[in-house]
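Below, each chain spelled out in residue letters.
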Amino acid sequence: MKVLVPVKRVVDYNVKVRVKSDGTGVDIANVKMSMNPFDEIAVEEAVRLKEAGIASEVIVVSAGVAGCQETLRTAMAIGADRGILIESDADLQPLAVAKLIKAVADKEQPQVVIFGKQAIDDDSNQTGQMFAALQGWPQATFASKVVIADGKATVTREVDGGLETLEMALPAVVTTDLRLNEPRYATLPNIMKAKKKPLETVKPEDLGVDVAPRLKTLKVAEPAKRQAGVKVADVADLVSKLKNEAKVI
Ligand code: AMP
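Residues numbered from 1 in each chain as written. Predicted model: local features only at pLDDT ≥ 70, side-chain atom pairs only at ≥ 80, totals over all residues. Heavy atoms only, no water.

Trainee: So what exactly am I meant to see when it comes to the overall build of the protein here?
Mentor: For the protein, the helix and strand inventory stands at 6 helices and 13 strands. Scored against the burial criterion, the 249 residues of the protein give a buried share of 40%. Counting only contacts in the protein whose residues sit at least 6 apart along the sequence, the fraction spanning at least 24 positions is 69%. Entry remark: accessible area of the protein is about 14,100 Å², with carbon and sulfur atoms responsible for 53%. Considering the protein, the positive charge centre built from 34 side chains and the negative charge centre built from 34 side chains are found 3 Å apart. (Helix = DSSP H or I, 4+ residues; strand = E, 2+ residues; numbered from the N terminus. Buried < 20%, exposed > 50% of the residue type's maximum accessible area, 1.4 Å probe, protein only. Contact = heavy atoms within 4.5 Å. Areas by Shrake-Rupley, 256 points an atom, 1.4 Å probe, with all protein chains shown as cover. Lys, Arg positive; Asp, Glu negative; His and termini not counted. Charge placed at Lys NZ, Arg CZ, Asp CG, Glu CD.)

Trainee: So what exactly am I meant to see when it comes to a nonpolar patch on the surface here?
Mentor: Judged by side-chain polarity, Val235, Val239, Val248 and Ile249 come together as a nonpolar surface patch covering roughly 380 Å² of accessible area. Inspection of the secondary structure puts Val248 in the segment after α6 (235-244). (Patch = residues over 30% accessible without salt bridge, like charges linked within 9 Å, V, L, I, M, F, W, Y side chains within 5 Å. Salt bridge = Lys/Arg side-chain N within 4 Å of Asp/Glu carboxyl O.)

Trainee: Looking at this model, I keep getting lost on the site of the ligand. Mind explaining?
Mentor: If you check the shell around the ligand, you find 18 residues, and the closest are Asp39, Ala63, Ala119, Asn125 and Thr127. The separation between an oxygen atom of the ligand and a polar main-chain atom of Ala119 is 2.8 Å. Side-chain polar atom of Asp122 to an oxygen atom of the ligand: 3.0 Å apart, as the coordinates give it. Protein burial of the ligand: of its 480 Å² of free accessible surface, 98% is covered by the chains. (Near = heavy atom within 4 Å. Polar contact = N/O pair within 3.5 Å; in protein donor to acceptor, adjacent residues only side chain to side chain.)

Trainee: Looking at this model, I keep getting lost on the sheet that holds strand β10 (residues 152-159). Mind explaining?
Mentor: Strand pairs in the sheet, formed through backbone hydrogen bonds, run parallel or antiparallel to each other. With mixed pairing, 9 strands are arranged side by side in an open sheet as β11-β10-β9-β12-β8-β1-β6-β7-β13. Lying at the two open borders of the sheet, with one neighbouring strand each, are β11 (162-169) and β13 (199-202). In this sheet, neighbouring strand axes are inclined to one another by 30° on average, regardless of whether the strands run parallel or antiparallel. In the sheet, β10 pairs with β11 via 8 bridges, with the strands oriented antiparallel. Among the inter-strand pairings, Glu158 is bridged to a residue of β11, identified as Leu163. (Pairing = 2+ DSSP bridges. Axes fitted to C-alpha atoms, helices over the stretch in contact; angles between N-to-C directions.)

Trainee: Mind showing me how you'd approach the packing of helix α3 (residues 94-108) against helix α4 (residues 127-135) here?
Mentor: Helix-helix packing is characterised by the crossing angle of the two axes and by the distance between the axes. One can describe the packing of α3 onto α4 by two numbers: an axis separation of 8 Å at closest approach and a directional angle of 50°. In terms of orientation, α3 lies oblique with respect to α4. Both α3 and α4 take part in a crossing whose hand is right-handed. Residue-level inspection shows Pro94, Leu95, Val97, Ala98, Lys99, Ile101, Lys102, Ala105 and Asp106 of α3 in contact with α4, the latter providing Thr127, Met130, Phe131, Leu134 and Gln135. Partitioning the contact of α3 with α4 into residue classes produces 9 nonpolar, 2 polar and 3 charged. (Parallel < 35°, antiparallel > 145°, perpendicular 65-115°, else oblique. Left-handed = near helix turned anticlockwise from the far one by under 90°. Nonpolar A, V, L, I, M, F, W, Y, C, P; charged D, E, K, R; others polar.)

Trainee: In this structure, what is going on with the side chain of Asp81? I would like to understand it.
Mentor: Structurally, the position occupied by Asp81 is in the loop between α2 (68-78) and β7 (82-87). Here Lys50 takes part through its side chain, which lies 2.7 Å from a polar atom of the side chain of Asp81. Within the structure, the side chain of Asp81 is placed 2.7 Å from the backbone nitrogen of Val58, a separation counted as a polar contact. Leave out the neighbours within four places in its chain, and Asp81 touches Lys50, Ser56, Glu57, Val58, Met76, Lys197 and Pro198.

Trainee: So what exactly am I meant to see when it comes to the packing of aromatic side chains here?
Mentor: Working definition: an aromatic ring pair is given by the centre-to-centre distance plus the angle between the planes. Enumeration over the complete set of coordinates arrives at 2 aromatic pairs. A centroid spacing of 5.4 Å and a plane angle of 50° characterise the contact between Phe115 and Phe131, whose relative ring orientation is tilted. Here Phe131 lies in helix α4 and Phe115 lies in strand β8 (residues 112-116), a separation of 16 residues in the sequence. With respect to class, Phe115 is no different from Phe131; both count as buried. Judged by centre distance (5.6 Å) and plane angle (90°), the rings of Phe131 and Trp137 are edge-to-face. The pair formed by Phe131 and Trp137 is uniform in burial state, with each residue classed as buried. (Phe/Tyr/Trp six-rings, centres within 6.5 Å; stacked < 30°, edge-to-face > 60°.)

Trainee: Looking at this structure, how should I read the pattern of salt bridges?
Mentor: Two side chains carrying opposite charge are able to pair once their charged atoms lie near each other. According to the stated counting rule, one finds 17 salt bridges in the structure shown. In this structure, Arg184 and Glu44 form a salt bridge, with 2.9 Å as the shortest nitrogen-oxygen distance. Here the residue Arg184 occupies a position in the loop between β12 (172-176) and α5 (188-194), and Glu44 occupies one in helix α1 (residues 37-51), the gap between them amounting to 140 residues. In this structure, Glu245 and Lys241 form a salt bridge, with 3.6 Å as the shortest nitrogen-oxygen distance. By relative accessible area, Lys241 is classed as partly exposed at 24%. Overlapping salt bridges bring together Lys2, Glu57, Arg82 and Glu108 as one network.

Any link to function would need more than the numbers given here.
Now the structure itself:
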């Protein structure tokens, strides 16, 4: 059973991004880029399936600029077997990515595709769902536990106020939540080994996918600055301010 894991190269989660002065987006020139954290969890889960003898091969795929090779190598250092780079300098929106991954899945025929639940740069939370719809496959999003056996996936999902467990027939789509697992650190020997693993590069045109954007960003703005706090003299003062100024009680 092959497992396919789409991994996105995003601004590292430790970087505080700055909005461009003209409000057209955020400035990502010279900032550290890393694998989307939810995708690291997805790679870890796929590698665990392989280590448990359930998956036979873990393939990672990334769509974007040439630098995504680095992201694919990181995934291979965690334990993925090979990588596919869909190279494009275009602004790839979720629908375009879903179509590109579909083209790869049609060729590779994975039984499970594990996406991150969302990319921390655009926060879209759309690609896995769109891919499942394009394939007509069942999907379990926000997974905190995945068990695969007898041609079925049993997935526990984090929902408001509790957990929900679903069963679905393979092939299927899973998207990862934060508590699914704790990804391992790539060790130096594994980083070295990853350099020799196969990495294929294709272009959207080779896959016959039109990646033209469907969405237009009108404006990006910084969140409003927080007002400075005030010290209250006593409880009576606090209650009075909550009542008369904040008007919350
Ligand atoms: P999003 O819908 O943008 O929040 O992304 C959800 C998930 O889709 C990510 O966690 C990745 O698993 C996958 N994904 C999104 N964009 C890409 C991309 N350019 N290349 C590979 N995978 C992607």
